[in-house]
Amino acid sequence: MSAPAVRLAGVSKRYPPLTRRGKLHSLKGALLHGDLWRVNEEHNGFLALSDVDLEIAPGETFAVIGPNGSGKSTLLKLVAGILQPTSGSVEVEGRVTALIELGAGFHPEISGRDNAIVNGMMLGLSRSEVMDRLDEIVEFSGIGPFIDQPVKTYSSGMYVRLGFAVAVTVEPNVLVVDEILAVGDEAFAHKCLDRIAKLQRRGTAILLVSHDLGLVEQLAQRALYLKGGAPVLTGPAGAAVARYRSDVASDEAGSESAAGSSRRWGNGAVTLDQVDLVDGGGRPIRLLMSGEAAGIRAAYTVRMPQDDFVFGIAIHREDGSYVFGTNTDLDGWKPERLAGRGQITLEFPRLELGPGRYLVDVAVHAKGGLAYDYACEIASFTVTAPVGWPGCYAPRHGWNPRGPAMTPPSE
Amino acid sequence: MKSGSPKAGVLSSLYRNRGLVTVLVARDLKARYRGTFLGYIWSLLNPLLLLAVYTVVFTWVIPARVTSEVPFPLFLFAGLLPWGFVSGVLLDAAIVLGDNGPLLRKVVCPPEVFPAVTVFSHLVHHLLALPILLVAIAVAAGNGLVRFPWTVVLLPIVLLIWLLAVGGLALAVAALAVHFRDLKDLLHNLLNIFFFATPIIYPLEMIRVPVLKRLIQANPATPLIQLYRDVVLLGRLPSLAAWGWAAGVAAVFWLLGSWIFSRLRETIAETV
């Protein structure tokens with residue numbers, strides 16, 4: 001992997017107290033000691049973010065999730081360079097563009113065109129660079145002839161579309177996005193996602209905050225789950241989302257919340273003892289020929305009998321990208337009773353995976369998300385194939401040349 | 001990063017972002033007269049009307065004559081014009097960061113750009129009003145009321161000194177106003193006091209009480225306004241000491257202002 005596009009090491013952010021007394025105190029400090037504001041920063045104020053370590057590779061999309069007030073936006077602003085960390089270091093490679101509020105700072109009295117120029121320059125382009133891209137911006141925003149009208153006449157949708165159009169045309173090395181894909185109509189939302197996918201392919205590192213967990217799983221490879229300013233888990237997006245959902249569910253149920261490491265958590269009602277990849281005969285294996293029958297078998301022990309439970313299994317590559325995932329609920333199995341010890345196997349008549357190494361996540365949780373036991377990367381296996389096909393899907397296939405004169409493979 | 005590391009000086013950051021400053025000044029000017037019928041003509045008309053009123057009032061209503069050299073309306077105008085520049089800049093500087101809060105909080109944007117934009121857009125207005133003064137002086141000279149002050153060729157140097165002083169003050173006011181909201185109200189009063197404590201509507205020579213005279217001489221704004229009026233109206237070549245004193249004051253203002261600004265710079269985005 002090349003040098004990270006974004007690197008945060010031990011980053012904390014403390015906001016100063018904004019009380020009247022704090023202000024007067026700091027004014028006095030400013031006037032008497034000349035130590036302008038910094039005086040009470042060290043021990044007072046609100047710790048919005050504590051000790052976050054993070055690396056994002058170029059081209060990677062990284063999500064930050066968590067409840068309101070957990071420090072997500074603070075983290076984005078630190079990466080964007082809008083705020084400075086109280087301690088730790090933030091390193092960003094190349095040009096950063098922040099989509100925190102689209103069209104922030106548009107001047108209502110001047111035209112959309114002039115605003116686009118100002119906005120583009122603010123995002124770090126030179127005047128001529130903006131002029132070169134102006135047609136593209138107008139085209140993408142779909143504002144048409146209104147571009148020469150003052151923006152105070154724009155609808156909120158037009159406003160946001162213009163803001164987005166400017167921000168993505170800047171072609172940043174790092175794009176920081178705060179919950180903005182929810183804006184605009186359906187068609188524009190698709191356009192935005194297309195454009196984000198294009199930036200991903202170009203190698204733009206994207207840091208994304210969203211409460212739309214489905215979108216996070218769809219867009220991001222990895223995610224950080226923040227709670228009360230502290231990182232709970234950094235890992236594959238699916239796992240981080242699952243952990244977050246589990247916490248939300250346990251808070252709602254008022255039950256014992258899931259505890260554990262970043263790799264494995266749960267409230268302990270059920271424990272996954274052993275997870276194996278098994279061949280067609282049920283024997284544990286580590287190595288598998290592509291296209292052979294196989295299964296993933298999980299053995300469990302129940303401490304507190306449950307009648308609301310779902311078993312889920314996910315397979316992903318080492319870089320965190322998902323290959324396949326399902327659970328008993330998705331496949332229509334209704335839970336009745338889970339007690340004692342037992343095992344459950346997800347069987348594949350033909351596991352048509354491409355050659356390479358795969359990791360397995362196994363979970364048993366309540367239907368609402370509360371994790372009994374959630375084990376990330378609890379097992380791994382390697383698939384071999386006669387030919388080194390790229391990709392992770394290797395279906396049975398054959399060539400049928402009708403025209404080209406070719407010799408079939410000898411065999 | 002384009003916005004510059006926080007350690008970099010204010011001046012170098014402004015130089016790097018000169019394109020942005022230019023565009024924002026143009027935006028300010030464009031937005032200011034947007035929707036008005038006369039547009040930029042207002043920049044000329046406002047001072048012209050002001051001058052007309054002074055002329056009527058101080059020629060026929062209260063015939064005032066404070067120097068033997070020039071008619072009072074011209075004297076007053078040549079003092080009020082630069083004073084309007086300073087007070088306009090400072091009053092705007094006190095709110096400019098708050099007004100641009102969305103940009104500071106939501107977009108990566110170096111904060112020093114905004115006080116600079118305030119200074120330069122007021123400078124443009126000042127430069128638009130200046131010809132009115134010069135034409136009025138020329139008309140008066142044509143009628144034999146004054147000698148035309150050829151020292152006016154030195155005006156660019158004077159304006160440079162003014163720019164340095166006003167720029168420093170604007171930076172200090174802008175940064176401090178973010179943290180101490182009281183500054184805005186305080187500023188109104190301070191400007192009122194300085195308006196009368198600076199020889200704007202009266203010449204320094206008119207003051208008879210020695211203590212008062214020394215006090216007003218000690219006012220750092222005094223050398224600046226005197227330099228300006230000597231050059232642009234009275235046709236006196238300022239002494240080297242006068243140049244040095246004014247330039248010294250300006251340099252101190254600038255250094256102090258940019259120091260305060262860079263000390264508070266990092267905290268602006270989260271406080272504004």
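A brief look at the structure comes next. (Residues numbered from 1 in each chain as written. Chains lettered and ligands numbered in written order. Predicted model: local features only at pLDDT ≥ 70, side-chain atom pairs only at ≥ 80, totals over all residues.)

Observations concerning the overall build of chain A
Using the following cut-off: Segments assigned H or I by DSSP are reported as helices when at least four residues long, segments assigned E as strands when at least two residues long, and all are numbered from the N terminus. Throughout, a pair of residues is in contact if the C-beta atoms placed from their backbones lie within 7 Å.
Of the regular secondary structure elements, chain A holds eight helices and 20 strands. Looking at chain A alone, contacts between residues at least 24 apart form 72% of all its contacts between residues at least 6 apart.

Quick look at the sheet that holds strand β8 (residues 222-227) of chain A
Residues and elements named next belong to chain A. Test applied: Any two strands are treated as partners once DSSP identifies two or more bridges connecting them. Under this scheme, a helix contributes an axis fitted over its contacting stretch, all axes are lines through C-alpha atoms, and angles between N-to-C directions fall in the 0 to 180 degree range.
Overall, mixed pairing links the six strands, which are arranged β5-β6-β7-β3-β8-β9 in an open sheet. The sheet is open, and its two edges are formed by β5 (96-99) and β9 (230-236), each paired on a single side. If you compare each strand with its neighbour and ignore which way they point, the axes differ by 15 degrees on average. Where strand β6 (residues 174-178) lies against strand β7 (residues 205-209), five bridges are found, and the strand directions are parallel. Each residue of the ladder has a partner; that of Leu-175, found in β7, is Ile-206.

Observations concerning the interface of chain A and chain B
The test is simple: Three residue categories are used. Nonpolar comprises Ala, Val, Leu, Ile, Met, Phe, Trp, Tyr, Cys and Pro, charged comprises Asp, Glu, Lys and Arg, and polar comprises the others, including Gly.
Across the contact, 30 residues belong to chain A and 28 residues belong to chain B. Looking at the side of chain A that touches chain B, the elements that each hand over two or more residues are β5 and α3 (112-122) of chain A. A total of five residues in the side of chain A that touches chain B trace back to one element, the largest contributor, which is α3(A). Tallied by class, residues from the side of chain A that touches chain B come to 19 nonpolar, six polar and five charged.

A closer look at the packing of helix α2 (residues 18-32) of chain B against helix α6 (residues 113-142) of chain B
Any two packed helices are characterised by the angle at which their axes cross and by the distance between the axes. Residues and elements named next belong to chain B. Threshold: Each angle is binned into one of four classes, with values under 35 degrees roughly parallel, values over 145 roughly antiparallel, values of 65 to 115 roughly perpendicular, and all other values oblique. In this scheme the handedness of a crossing depends on how the near helix is turned from the far one: anticlockwise by less than a right angle means left-handed, clockwise means right-handed.
In contact at an axis separation of 9 Å, α2 and α6 are set at 55 degrees when each is read in the N-to-C sense. Relative to α6, α2 is oriented oblique. Once α2 is placed against α6, the crossing between them reads as right-handed. Facing α2, whose interface residues are Leu-20, Val-21, Leu-24, Val-25, Asp-28 and Leu-29, α6 presents Val-113, Ala-116, Val-117, Phe-120, Ser-121 and Val-124. Of the residues contributing to the contact of α2 with α6, the split by class is ten nonpolar, one polar and one charged.

Looking at helix α4 (residues 127-141) of chain A
All names here are of chain A. Worth spelling out the cut-off: Given the number of residues in a helix, its expected span is that number minus one, multiplied by 1.5 Å. Note that the bend at a residue is defined as the angle between axes fitted to the seven residues ending at it and the seven residues starting at it. Three exposure classes are used, all based on how many other C-beta atoms lie within 10 Å of a residue's own C-beta (placed from the backbone): buried at 20 or more, exposed at 12 or fewer, and partly exposed between those limits.
Taking 1.5 Å per residue as the helical rise, α4 with its 15 residues ought to reach 21 Å, and the 19 Å between its terminal C-alpha atoms agrees with that figure. At Arg-133, α4 shows its maximal bend, which comes to roughly 50 degrees. Listing the buried residues of α4 in full gives Val-130, Ile-137, Val-138, Phe-140 and Ser-141. Buried positions along α4 lie against α3 and α5 (156-169). Where α4 terminates, the next one or two residues include Gly-142, which has phi positive at roughly 65 degrees.

Here we look at unusual backbone geometry
Residues and elements named next belong to chain A. Residue Asp-51 is not a glycine yet carries a positive backbone phi of 55 degrees. Inspection of the secondary structure puts Asp-51 in strand β2 (residues 46-56). Judged by the 15 C-beta atoms lying within 10 Å of it, Asp-51 is partly exposed. With a phi angle near 50 degrees, Glu-171 is a residue other than glycine that sits in the positive phi range. Within the secondary structure, Glu-171 sits in the loop between α5 and β6. Since 15 C-beta atoms lie within 10 Å of it, Glu-171 is described here as partly exposed.

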